[in-house]
Amino acid sequence: KNYLIAANIFLGISDTCSMEKRVLFFMSTVCISHSVAVLFKHYQHLDHFNYNHQMGEMADPIQFKDEGNKYFQAGDMDKAIEFYTKAIKSCKDKKVLAIIYRNRSACFLKKESYANAASDATKAIDVDAADVKALFRRCQALEKLGKLDMAFKDVQRCSTIEPKNKTFLETLRRLGAEIQAKTSFSTDSRVQNMFDILLDEESDKEKKEKAANNLVVLAREDAGAERIFQNNGVALLLDLLGTGKVEMVLAAIRTFAGMCTGHKARVRARERRNSIMAVDNEEIALATSDLFQCVNDSLTGGDRRIYGKEEAMVLDAGKDLKSILMALLDMLINKKVSGYGRDQALNLLSRNVPRKNKKDTDHSKTLFTIDHGLKKILKVCGQIPELPDQLPMTENTQLIASVLLNKLWDDLRCDPERDNYREVCDEYIKGKFDPNDMDKNIHAINALSGLLQGPFEVGNQLVGRQGIMEMMVALCGSEREVDQMVAVEALIHSSTKLSRASFIITNGVSLLKDVYKKTKNEKIKIRSLVGLCKLGSAGGDDYSMRQFAEGSTEKLAKQCRKWLCNTAMDTRTRKWAIEGLAYLTQDADVKDEFVEDEPALKAMFDLAKSKDKTILYAVACTLVNCTNCYEKKDFLPELVQLAKFSKQHVPEQHPKDKKDFIQKRVKKLLKGGIISALSVMVKADNTLLTDQTKEMLSRVFLALADDIKDRGTICAQGGGKALIPLALEGTAIGKVRAAHALAKIASSCNPEIAFPGERIYEVVRPLVSLLQPEREGVENYEALLSLTNLAGLNDKLRVKILKEKALPEIEQYMFEDHDHIRLAATECMCNLVTCKEVQDRYMEDGNDRLKLLVLLCSEEDEKLQRAAAGALAMLTAANKKLCTKMTLVTLQWMEILQRLILHDQPQIQHRGLVIVYNMLNSDDNELAKKLIESEILEILSVIGKGMNNPKRQIVIDVARTCLTKAMDLGLIKPFTTPS
């Protein structure tokens, strides 16, 4: 009675249940022989029915295809298409479907329905990319549709697959010739049309401007650039430059740039470039600078395209490069050159003279520039706009010159070269001092200020010469305001070193106070204030080394904030207020007051976004101080006690520099809009955004990302995007700090939101750089977490991670003693094992990769077990040979496997059961037999007999699937009793 009831229950199960589940359901209910016999008879009947039904389905499309072939051979294309269409609708086999589509494509070609022919051929190619018949048919269709470029690509693939096929080769040659002729004719006609419009005096202004801009587009194509050059285009473009109209001049310059890009022969037509860049128009100066850069890249090999015989026409590029370099140096001291032109000349020198790679031994351009241009650069630094007969300059000119001086100094390789640099500077400064000419004296002092802002070592040595510091102090008491302003600025820049600051505190503080109190010139007043600010902060963040009385620095900071918020003052003067805060914010009391002053914060951020980028360094310094992200020395308590005992000075931390105060300041900065300001600062011109400034910005970003709750705000305001360039360029420390900030964001936020689009792929390299052994443990850990998140998104990212050679480092960290790092590395590997390259590494002999993974499954840490078991489950599913290899790497594999499938955590248990199934399905009968003969069979039976439970259903289902597989292999049979 019981077995009949069970059989009826089984046969009445819903049709939506799979047949395997029905069998297992019955086996878990009763084990009576008659019912099992009934069940299997029913199962066989259903299976037989399904098989016959599928065979019937497969017969129809083949029959339809054959009918279509007969009609095609008979020339009846309509009937052939009809039967091929029926075959397509009923066919399920992808390979057969591709053949039918290819055949129907041939019919459409015969009927001259080329769009349909191309569509059907494409569907066949999607299944088999090497189907030459489908490729050639699509080529024929595309040619008829006029899409010669696409047709050429298809026949090119055909000739690659069958290189001896004469039809393919002939078609390839013919299409190539047609494309070339069409392109040449089209380009010639467009170039001629543009010239006709520009030469026609009756053409209206708008039409001429449009034609000029079209020439720019044509010049960026090789064929277009050549036609312009050959059709006397250079003369016409020079005429356009002579019009003086901004739009026409810009179009002509940009056309020249397109023509010269990558072509050594054309760059010789460079008439009037210098005079164009001298124009007092920022946009024209910038466009001409781009033209100079294109010419330089073409001559130096920065653009590596090859132009055959035309390239051979330029025998000596070095001569041209030398003349360009001399022209740029001459522009620096030419009074006819505008401030914008001078800025671009300095920028070009900064970009192209110093070596980009210090491993390159050739720095002849730097030595040439020092010999022929160092004094010219110093002359620019010494200019004082308030005096008559000075060179035209912008607000950025002198800072850009200081940056160039610093880059030249850094590019020198040995002491004799550095001695020569110092001697040239010393000679120039001493040559300008004249007791009878005060203008020359302040020019020398201003040039010295330029050196102090650039190669400080050189400037500091010159300041130490007898009489120079005394002259600065004396100039502060001069009756002329310009003398006071230059002297105060020089004092500010020279007091960077504590020893210099001590000298000025002793000799010049009272003088600066007098200047501050007596002068009515706001520019001098604010500079005096900044001088006092800098001297007051000479002790740094050492609470015990305050230079002024208690409360003095707060008063100075309050005045700086007042000037900063005064929008009626010019930007350059307000910039000095930020300079003062950059020094004063080393005091924790000043930091707290500043971040509480919302108008002052907003004013600073607005200035950081302004056109004047000379402010970047001061803003970055202020933010570094407010977030306490500067380098701090850690002192051992024992050494501190020893220093106190020996009465040595021990730096003291301000009470408000502790972690909770820093966190409050960070919150205030985020609320004040710091992220948007930093994002704008990162986009600044590379000449002003120095590597040191980038490093400070990276430090600030890292401090802001420290609290996980703030990372969403950073992402929402574009901080993730801004961090990427900081992590790729700059100082070594700066790149590490930026990469660490990226790791913090990518480890806790959705990377697809934090780094939208293609930017997500740019994040991989900085993260991989944090895996290096010399990096700190927290950097390793957060980089691994970030890579785990990225690897879990898609195959393209996983491949990118492997291309950056991260795999060996990840494997190494799986052996790490530190629990968190080992877990993160294992989780990352779990997400990478779907890649074929990773699977192949686990198949290699002579290493312990697979053994480690198996042993990690036995660890006590449940997260580690889950990650290791997940990786093992995916590996054994992807490569059946690994199932056998797994049993050879350690004798404990059976015990570990049993522990996994008995685990009380469903996720870990599920992974263990999947591994068991993979081993049963591995085609290794001995291995399967060994599993079933062990206690695993009993465990599977117990799990499979469990009642359905939503929380554990996936585990129960996999266990039942394992039992079914064992039955299919004949390793177990249904329980029966004698009839």
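Remember, it's a predicted structure, so these values are computed and weren't measured experimentally.

(A) Looking closely at the overall build of the protein. When its secondary structure is counted, the protein shows 56 helices and zero strands. For the protein, the residues scored as buried account for 50% of the 979 residues in total. Considering only intrachain contacts with a sequence separation of at least 6, the fraction spanning at least 24 residues in the protein is 68%. With the model as given, the accessible surface of the protein reaches about 48,100 Å², and the carbon-plus-sulfur share is 51%.

(B) Seen up close, the environment of Ala 877. Within the fold, Ala 877 resides in helix 50 (residues 862–878). Sequence separation between Ala 877 and Asn 921 is 44 residues; the distance between their C-alpha atoms is 8.8 Å.

(C) Inspection of helix 21 (residues 415–432) at higher detail. The first and last C-alpha atoms of helix 21 sit 26 Å apart over 18 residues, in line with the 26 Å expected at 1.5 Å per residue. Buried within helix 21 are the following residues: Glu 417, Tyr 421, Arg 422, Val 424, Cys 425, Asp 426, Tyr 428 and Ile 429. Taken together, the buried residues of helix 21 touch helix 19 (364–381), helix 20 (397–410), helix 22 (438–453) and helix 23 (456–463).

(D) Focus on the environment of Ala 620. Within the secondary structure, Ala 620 sits in helix 33 (residues 616–627). The buried category is assigned to Ala 620, whose relative accessible area is 0%. Distance from Ala 620 to Leu 697, taken between C-alpha atoms, is 6.1 Å for residues 77 residues apart in sequence. If sequence neighbours within four positions are ignored, Ala 620 has contacts with Met 681, Thr 693, Met 696 and Leu 697.

(E) Summary view of the packing of aromatic side chains. With the rule as written, the count across this model stands at four aromatic pairs. Pairing Phe 64 with Phe 83 gives two aromatic rings, centres 6.4 Å apart and planes at 45°, and the pair type is tilted. Linking Phe 64 in helix 3 (residues 33–74) with Phe 83 in helix 4 (residues 77–90), this pair joins segments that are 19 residues apart in sequence. Measuring from centroid to centroid gives 5.2 Å for Trp 409 and Tyr 421, while their planes differ by 65°, and the two rings are edge-to-face. Separated by 12 residues along the polypeptide, Trp 409 in helix 20 and Tyr 421 in helix 21 bring together distant segments of the chain. Residue class for Trp 409 comes out buried when judged on its relative accessible area of 7%. Residue classification places Tyr 421 among the buried positions, given a relative accessible area of 0%. The ring of Phe 83 has Lys 86 lying over it, and the distance from NZ or CZ to the ring centre is 5.2 Å.

(F) How the structure looks around the confidence of the model for the protein. On average, the protein scores 81 in pLDDT, and the residues at 70 or more come to 83%. Counting interchain partners and residues more than four positions distant, the pLDDT-below-50 stretch residues 1–59 has 49 contacts. Counted against residues more than four places away or in other chains, residues 304–315, with its pLDDT under 50, gives 17 contacts.

(G) Main features of helix 25 (residues 481–494). Helix length check: helix 25, at 14 residues, gives a terminal C-alpha distance of 20 Å against a target of 20 Å (1.5 Å per residue), a fit within 8%. Within helix 25, 13 of the 14 residues are buried, which leaves it mostly tucked inside the rest of the structure.

(H) Highlighting the pattern of salt bridges. The tally for this structure, following the rule as stated, stands at 50 salt bridges. For Asp 415, the salt bridge identified is with Arg 418, shortest N-O distance 3.4 Å. Here Asp 415 pairs with Arg 418, and both are found in helix 21, just three residues apart, close to one helical turn. What makes Asp 415 exposed here is its relative accessible area of 53%. Arg 418 gets classed as partly exposed once you look at its relative accessible area, which sits at 22%. Between Lys 430 and Asp 426 there is a salt bridge, with the nearest N and O atoms lying 3.8 Å from each other. Of this pair, Lys 430 and Asp 426 both sit in helix 21, four residues apart, which is roughly one turn of that helix. In this structure Lys 430 comes out as exposed when scored by relative accessible area, which is 53%.

(I) Region of the structure containing the side chain of Lys 744. Structurally, the position occupied by Lys 744 is in helix 40 (residues 732–748). Judged by its relative accessible area of 6%, Lys 744 falls in the buried class. When sequence neighbours within four positions are dropped, the list of residues in contact with Lys 744 reads Leu 702, Ala 705, Asp 706, Arg 711 and Glu 782.

(J) Structural detail: the UniProt feature "repeat: TPR" (unreviewed entry) in the protein. Here, UniProt's "repeat: TPR" (unreviewed entry) annotation points to residues 61–94. Helix makes up 85% of residues 61–94 and strand 0%, with an end-to-end C-alpha separation of 12 Å.

(K) View of the nonpolar core. In this structure, Tyr 421, Leu 564, Ile 674 and Leu 897 are the most contacted members of the largest nonpolar core, which totals 255 residues. For this core, the element with the most residues is helix 13 (residues 246–260), which contributes 10 residues. When neighbours within four sequence positions are excluded, Leu 564 is seen to be in contact with Arg 574, Ala 577, Ile 578, Leu 581, Phe 594, Ala 600, Ala 603, Met 604 and Leu 607. Judged by nonpolar contacts, the second largest core, of 34 residues, contains Tyr 84, Ile 88, Tyr 114 and Leu 135.

Rules behind the numbers
- Residues numbered from 1 in each chain as written.
- Predicted model: local features only at pLDDT ≥ 70, side-chain atom pairs only at ≥ 80, totals over all residues.
- Heavy atoms only, no water.
- Helix = DSSP H or I, 4+ residues; strand = E, 2+ residues; numbered from the N terminus.
- Buried < 20%, exposed > 50% of the residue type's maximum accessible area, 1.4 Å probe, protein only.
- Contact = heavy atoms within 4.5 Å.
- Areas by Shrake-Rupley, 256 points an atom, 1.4 Å probe, with all protein chains shown as cover.
- Expected span 1.5 Å × (residues − 1).
- Phe/Tyr/Trp six-rings, centres within 6.5 Å; stacked < 30°, edge-to-face > 60°.
- Lys NZ or Arg CZ within 6 Å of the ring centre and 35° of its normal.
- pLDDT = per-residue confidence, 0-100.
- Salt bridge = Lys/Arg side-chain N within 4 Å of Asp/Glu carboxyl O.
- UniProt positions renumbered as here; feature names shortened; annotations may be inferred.
- Core = buried A, V, L, I, M, F, W, Y, C linked by side-chain atoms within 4.5 Å.

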